[in-house]
Amino acid sequence: MDLLASSNLCGGTLLRIVSRGSSIIAEMLRLSNNIPECFGEEGGGEGDGKGFSGLMFDFNYWKSPEDHETRVNESDALASVEDAFQQTFTQTLDRFYTLFSSVVTYHEDLTKFLKDLDEGYFIQYTLDNLLQETTGKQLLCESLYLYGSMLLLMERHLPGKVREKIIVAHYRYTPSASGALDDIDKVCKLCRSTNYTPGQNTEKPRKYEEKLFKRLPLPKYTVKAVIGRLLSDDVYLRAKAFPDPEHRSTRLQNQASQLYVILYFAPDMLKSDDRGMREVVDRYFNDNWIISMYMGTVVDLSVEWENYESAVKALNNTLTAKNVRIFHVENAKLLSSCMSDLKNYLTDGLLTDQFVLDNTSDILNCVRRCNVAIRWRIMHRKTTNKKLNDIICDTTNKTNNPVVLDTHLITVLLNASQLEMKELSEYFTGEKALTRVERDEGLMTWFSGMANEINSLSIEDSQATVTGRKIQHCVQALEDVEQFDVIDTNLSIKAFLKDTRDLLYQMVRAVNIKTSVLNVIEICADFSYAWEVMLDYVPVLHDRVKADPSTVVLLRALFLKLASILDVPIIRIMQCESPDALSVAEYYSNELVAFVRKVMEIIPISVFKILTNIVVIKERHLKPLPVRLEVDLTKDYAQGNERYELAKLTHQVSIFTEGILAMEKTLLGVIQVDPRAILEDGLRSELVRQMATAMDSVLRWPTDSEKVTNPAASQAAVVKSLTALGNRVNGYRLAIEYIQDYCDLAGLKMWQAELSRITSYNTEQESNRYLQKKIYDGQSRFQSRAIPIPRFSPIDSANNFMGRTVAALLRMTDASTTIYSPECGGWYLANGQEVCGISTISMLRKSIGIPGLTGLYKLLQFRIVNELQTFQKFFTTTVRPYAILLEQVRDTLYPTFQNPLEPARLYTAATKKTEKLMLPILTCLRRVGQCQLLLKMISAEIHFRSKLDANLMHSALANLSDSLVNDVRAHYRDPNKPIPKEPNPLLPNVATLLTASGLEDPISKVYMTTDPLEGLPVLFLLFTCSYVSKFQYDLNFGTLVRSKASYPLDGWPVVVGMSTLLKQFHPSYTTEVLAYIGQFVRSTVQGMLGLAGVKVASLPKEVVNAVVFANLLSEVGKVGKAKLFEYVPQYLVETVCKIGQ
């Protein structure tokens, strides 16, 4: 019975184990690229995901978990971020722990299988006869090899301290984890830190691998048997692909990788078995010591085995300078020979079908020698031994050795890939069309029967002999039919028959070599060993493409050659028909496509360098052509030299894009790569990089830490930066718009989309400071691996340029130093100098676009919500002890339409007792009002641009909004009328569009829902009484301003802040505040009128300011004059307004 048959329990079990091992490693590599920063070796700030470092514990946590938990619970800072950590990383922790648990489960299943095999559970199968079968020994070797690779790759990609932190965090924050994790002891044993990370410049501890592999060991007898089989057999039967004895190390490269890993399960052999290690080195490593462990992970045996005496002793017999020099010289000669052969074979017109069939053996030998030479050179240039590296990588010819440059190696690689992946494949898999002849019914019937006979020919190996005999009969029949007069006298038909016989003769030769040749080419062309190494040669490929853009066509064959990486993990998964096949294939395909993008990115980079010069010419040198031009001025406007230089640069752009567009669509794994998409993504990526870099570098201003207190200086710095950035962004827009026709791409659409993505991503990342559940790059819908948005180091308290821009706006419009004038629509200094107005917002739009303004709008809203939440917390904690006092004041002032007894004493005593509460309230109202006024100004700019650029859509959206509001109001008047319910996304989607079109009124918006705060209207009355005397009405600005320069307040921000806070509660809160202020005004006026000789024109400043404050509050809160006049006498309001005029 076939071992892989569906009914074979032994083979099926082993195949499932091996396929699962490949899936686990793919998941491990995938997760290693997505380790949250807070689990890294170092801590950091919360903004970038590192502020949770205080919650990260290694395995020392298990020694005293109660102490650690107590420390967290007693820290307010840690307690405040603990919920955010749990919401953000729960799914990530589950995925990592599942990975670690899968490795443990793999070990358990493999151990159980080996135990069942030893105990005879699988009838007719034992360890010995399983190792006798070709598939059996392959699967058994792979099962041990994959487990060992998991351990080594886990150490390399998931450092020990990271693993410990993840496991402890998963235990602490996963619901019911402490009782449900049955395998946590084994997981902790497996993942415990070794205090060493491969690849770092630290000394490797002795017995490092030995201790790692002993944590969850495998049966010794199985390990010994597998090692013996690897040493004695050609497990993968690759002798046909590499029959030359000199190619033995290449033929056995897969077994060498397996043996290297499995030997760690038998450390005694590495340490003390001189004879055994000498046999290992002589068979596998006699001329190579740099190998690929798994999927291109490079290993230097001279380093990895340095702590094993027998291994070092065996290697030293080979690794001498003399031997390495011999290897180097022989390889250099082989590369030179291959270069010459490839040049001959790739000559246009040489590789005809006849030539290929006649010279198959020579061509395959060339392919073998090329891959052997490339493999040795490309791997051993990674040697870490300086003495040996000087011999192999010498480019100065100081040692009188042949010099092999990287460019020579890449040339051989590209040409070999072209021969393997394109030319030979076409000849061994193509078809040939036949010509037509004049119709003849009799001969047509005969030739039709002959065609059916030829179509029935089979090229299967089992039918090869029969097919050969049939072809011989067909050739004889075609010779006989030439004797007919009709055919004998027609030269074209005779030529046709001769061509047919020649094709049949070729079929005779091809029937025996078609499958075998393709198999040999596939084995020889395996390039999975160079997966990591090829990254070192990306600069060489870049230089080659820059020098000759047509080289891009050759890269397609190289990418196809690299696609062999998919064969290693996928083959067993496909045989097992595992559902993991698609996930694993997608991961490696995406990695391969990412490499393709990395190689091809040189084209957009080069294009943008040219575009920089194009923009300079267009903006600085070319004169704009007038609508009408006088003949005498034609020469001046012609500017021949400048236009010639512009045409030259444009031609260079077209040459670069032409090269990549000449590539064909290529299937890499499960992803089809379209060269047009690669070009577009590359241009987008470079555009994003340059724009994001410009925004980050230009939008930098003096920060809070530098104690900038001068709004005028801040305004000058901001205007200068915004002007510079606006010019650069406009230059990018003109450049990408200019080349769109030469690249056949929608350049303006690309620019708009990427500008929106950059600002939206940075807004999202800046918003993390206000969110409990953070959004990192892996979850961001704006971040892309193909077109990444770069991240830059945070400056001061801001994460990126969006945060810095908000901070700059807030510094410029600080209510403690500026005055907001509603009539002028901006912030001014006391001397009338504007520091922020419509022109500032317009410059912002030119710099970061409408998407950028929308992002600032969102960040300011987050800031408002944060201030409102802070006020709510302040009220429930700090204000709560004053609840009795506020209740007493409320009872004393009840009812509000009557004046209280001794009001002056009441207001003075109450404000005195609550004096400590006033400054925090002022700070909150001032900040909220400042943000609201900025929102109002940004919304006005967006509204204007929306009407200007998309008037029809703007009008339609406004009508839709009005109709929806009418429907909602009708529903609340009559609940039977329909209204969009929660599952319907209409309302939230329309709300988003309204914000983006400037149709939203931020001051009327409800930002949060909250429980009623008893005593809030009374508290605001006392606040008004405390600060109303510190205002004065300014006729020039038309609003309340500070009466002294030292007072940190401004009228409009305070009024708008109070209105916004009251909007978060029932409308009765606003009317109560107005009623209390009206009562304060009436009682104060009544007390004043009781004094003899007082005139109306000499009303106290407190009364005038209180009336103005109430009037402004009613306007902002849209209460209405009629409602205000219920609390403040109309004649008094009109009198105060007349005095103000």
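Residues numbered from 1 in each chain as written. Predicted model: local features only at pLDDT ≥ 70, side-chain atom pairs only at ≥ 80, totals over all residues. Heavy atoms only, no water.

## As for the overall build of the chain
Helix and strand counts for the chain come out as 49 helices and 9 strands. With 1141 residues in all, the chain has 51% of them scored as buried. A fraction of 78% describes how many contacts in the chain between residues 6 or more apart in sequence connect residues 24 or more apart. (Helix = DSSP H or I, 4+ residues; strand = E, 2+ residues; numbered from the N terminus. Buried < 20%, exposed > 50% of the residue type's maximum accessible area, 1.4 Å probe, protein only. Contact = heavy atoms within 4.5 Å.)

## Structural notes on the confidence of the model for the chain
For the chain, per-residue confidence averages 85 on the pLDDT scale, and 89% of positions sit at 70 or higher. In this model residues 43-50 is a low-confidence stretch, pLDDT under 50, and it forms 20 contacts with partners more than four residues away in sequence or in other chains. Here residues 427-440 scores under 50 on pLDDT; set against residues more than four positions off or in separate chains, the count is 20 contacts. (pLDDT = per-residue confidence, 0-100.)

## Section: the packing of aromatic side chains
Applying the stated criterion to the full structure yields 40 aromatic pairs. Judged by centre distance (5.7 Å) and plane angle (85°), the rings of Phe52 and Phe89 are edge-to-face. In this pair, Phe52 is assigned in the loop between helix 1 (9-32) and helix 2 (65-74) and Phe89 in helix 3 (residues 76-118), connecting sequence segments 37 residues apart. The pair formed by Phe52 and Phe89 is uniform in burial state, with each residue classed as buried. Put simply, the rings of Tyr106, Tyr147, Phe213, Tyr260, Tyr264, Phe265, Tyr284, Phe285, Trp305 and Tyr308 pair up and form one aromatic cluster. It is Arg375 that lies over the ring of Tyr529; its NZ or CZ is 5.7 Å from the centre. One Lys or Arg, Lys623, reaches over the ring of Tyr637 and ends 5.8 Å from the middle of that ring. (Phe/Tyr/Trp six-rings, centres within 6.5 Å; stacked < 30°, edge-to-face > 60°. Lys NZ or Arg CZ within 6 Å of the ring centre and 35° of its normal.)

## Focus: the sheet that holds strand 7 (residues 834-836)
As summarised here, the arrangement of the 3 strands in space is 5-6-7, forming an open sheet in which the pairing is antiparallel. Each end of this open sheet is capped by a strand with a single partner; those strands are strand 5 (819-821) and strand 7. Between one strand axis and the next, the sheet turns by 45° as a mean value, whatever way the strands run. Direction of pairing for strand 6 (residues 826-828) relative to strand 7: antiparallel, over a ladder of 2 bridges. Residue pairing in the sheet places Tyr828 in a bridge with Glu834 of strand 7. The strands that helix 41 (residues 915-949) touches are strand 5 and strand 6; relative to strand 6, the one it contacts most, it runs at about 130°. (Pairing = 2+ DSSP bridges. Axes fitted to C-alpha atoms, helices over the stretch in contact; angles between N-to-C directions.)

## Here we look at the packing of helix 41 against helix 45 (residues 1051-1063)
Where helix 41 contacts helix 45, the two axes come as close as 7 Å, and the packing angle between them is 95°. Accordingly, the angle class assigned to the pair helix 41 and helix 45 is roughly perpendicular. Across from Leu922, Cys924, Leu925, Arg926, Val928, Gly929, Gln930, Gln932 and Leu933 in helix 41, the residues of helix 45 making contact are Trp1052, Pro1053, Val1054, Val1056, Gly1057, Met1058, Thr1060 and Leu1061. Among the residues forming the contact of helix 41 with helix 45, the class breakdown is 11 nonpolar, 5 polar and 1 charged. (Parallel < 35°, antiparallel > 145°, perpendicular 65-115°, else oblique. Nonpolar A, V, L, I, M, F, W, Y, C, P; charged D, E, K, R; others polar.)

## Quick word on the pairing of strand 8 (residues 1031-1034)
As paired elements, strand 8 and strand 9 (residues 1039-1042) share 4 bridges and run antiparallel to each other. Bridging from a neighbouring strand, Tyr1033 pairs with Leu1040 of strand 9. Count of turn residues in the strand 8/strand 9 antiparallel hairpin: 4 residues, of which Gly1038 carries a positive phi of about 70°.

## Details of the nonpolar core
Ranked by size, the top nonpolar core spans 332 residues in total, and within it Phe85, Trp305, Met534, Tyr588 and Met600 carry the most contacts. Here this core gets 17 residues from one element, more than from any other, and that element is helix 3. For Met600, the contacting residues outside a window of four places in its chain are Val552, Leu555, Phe559, Ile660, Met663 and Ile678. (Core = buried A, V, L, I, M, F, W, Y, C linked by side-chain atoms within 4.5 Å.)

## Some thoughts on a nonpolar patch on the surface
Residues Leu625, Leu629 and Leu633 make up a contiguous nonpolar surface patch of roughly 260 Å² in combined accessible area. Note that Leu629 resides in the loop between helix 31 (602-621) and helix 32 (634-638). (Patch = residues over 30% accessible without salt bridge, like charges linked within 9 Å, V, L, I, M, F, W, Y side chains within 5 Å. Areas by Shrake-Rupley, 256 points an atom, 1.4 Å probe, with all protein chains shown as cover. Salt bridge = Lys/Arg side-chain N within 4 Å of Asp/Glu carboxyl O.)

## A short note on the packing of helix 10 (residues 220-232) against helix 12 (residues 253-262)
Packing of helix 10 against helix 12 brings their axes to within 10 Å, and their N-to-C directions diverge by 155°. Between helix 10 and helix 12, the crossing angle belongs to the class labelled roughly antiparallel. Where helix 10 crosses over helix 12, the handedness of that crossing is left-handed. Listed contacts from helix 12 to Val223, Val226, Ile227, Leu230 and Leu231 of helix 10 are Gln255, Gln258, Leu259 and Ile262. Classifying every residue of the contact of helix 10 with helix 12 gives 7 nonpolar, 2 polar and no charged. (Left-handed = near helix turned anticlockwise from the far one by under 90°.)

## What about the environment of Cys743?
Tracing the backbone through its elements, the reader meets Cys743 in helix 35 (residues 711-743). Along the sequence, Cys743 and Phe656 sit 87 residues apart, while their C-alpha atoms lie 9.4 Å from each other. Other than its neighbours up to four places away in sequence, Cys743 contacts Val653, Thr657, Leu661, Arg676, Leu679 and Leu683.

## What about the environment of Asn195?
Tracing the chain through its elements places Asn195 in the loop between helix 8 (184-191) and helix 9 (208-213). Spatially, the C-alpha atom of Asn195 lies 10.0 Å from that of Glu155, the residues being 40 residues apart in sequence.

## Brief notes about helix 3
Here helix 3 contains 43 residues, and its C-alpha end-to-end distance of 59 Å stays within 8% of the 63 Å for a straight helix at 1.5 Å per residue. In the structure, helix 3 departs most strongly from a straight axis at Phe89, where the bend amounts to approximately 55°. The N-terminus of helix 3 is capped by Ser75, whose side-chain oxygen sits 3.3 Å from the backbone nitrogen of Leu78. (Expected span 1.5 Å × (residues − 1). Bend = angle between axes of the 7 residues up to and from the residue. Polar contact = N/O pair within 3.5 Å; in protein donor to acceptor, adjacent residues only side chain to side chain.)

## Section: the environment of Leu679
Mapped onto the secondary structure, Leu679 falls in helix 34 (residues 675-698). Residues Leu679 and Pro604, 75 residues apart in the sequence, show an inter-C-alpha distance of 7.3 Å. Other than its neighbours up to four places away in sequence, Leu679 contacts Ile603, Thr657, Ile660, Leu661, Cys743 and Leu745.

## What about the side chain of Ser101?
With respect to the helices, strands and loops of the structure, Ser101 is situated in helix 3. Given a relative accessible area of 15%, Ser101 falls into the buried group. Setting aside its immediate chain neighbours within four residues, Ser101 contacts Asp183 and Val187.

## Topic: the pattern of salt bridges
As enumerated under the stated definition, the model contains 48 salt bridges in all. Between Glu108 and Lys186 there is a salt bridge, with the nearest N and O atoms lying 2.8 Å from each other. Of this pair, Glu108 sits in helix 3 while Lys186 sits in helix 8, and the two are 78 residues apart along the sequence. Look at Glu108 and you get partly exposed, because its relative accessible area is 32%. Among the residues examined, Lys186 registers a relative accessible area of 39% and is labelled partly exposed. Salt-bridge contacts for Arg769 lead to Glu766; the nearest nitrogen and oxygen are separated by 2.7 Å. Given the relative accessible area of 38%, Arg769 is considered partly exposed. The network of salt bridges with shared partners includes Glu210, Lys214, Asp268 and Lys271.

## Examining helix 37 (residues 801-812)
Between its first and last C-alpha atoms helix 37 spans 16 Å; for 12 residues at 1.5 Å apiece the expected length is 16 Å, and the two agree. Within helix 37, 11 of the 12 residues are buried, leaving the element largely enclosed by the surrounding structure. Every buried residue of helix 37 is listed here: Phe801, Met802, Gly803, Arg804, Thr805, Val806, Ala808, Leu809, Leu810, Arg811 and Met812. Buried residues belonging to helix 37 abut helix 34, helix 35, helix 36 (747-767), strand 7, helix 38 (838-879) and helix 41. Looking at where helix 37 begins, the residue whose side-chain oxygen comes 3.0 Å from the main-chain nitrogen of Met802 is Asn800.

## As for unusual backbone geometry
The omega torsion of the bond from Tyr894 to Pro895 falls at -10°, within 30 degrees of zero and hence cis. Relative to the helices and strands, Pro895 resides in the loop between helix 39 (883-893) and helix 40 (903-913). A positive phi angle is found at Gln124, which is not glycine, with a value near 75°. Relative to the assigned elements, Gln124 resides in the loop between helix 3 and helix 4 (127-130). Look at Gln124 and you get exposed, because its relative accessible area is 72%. A positive phi angle is found at Asn195, which is not glycine, with a value near 60°. Asn195 gets classed as exposed once you look at its relative accessible area, which sits at 64%.

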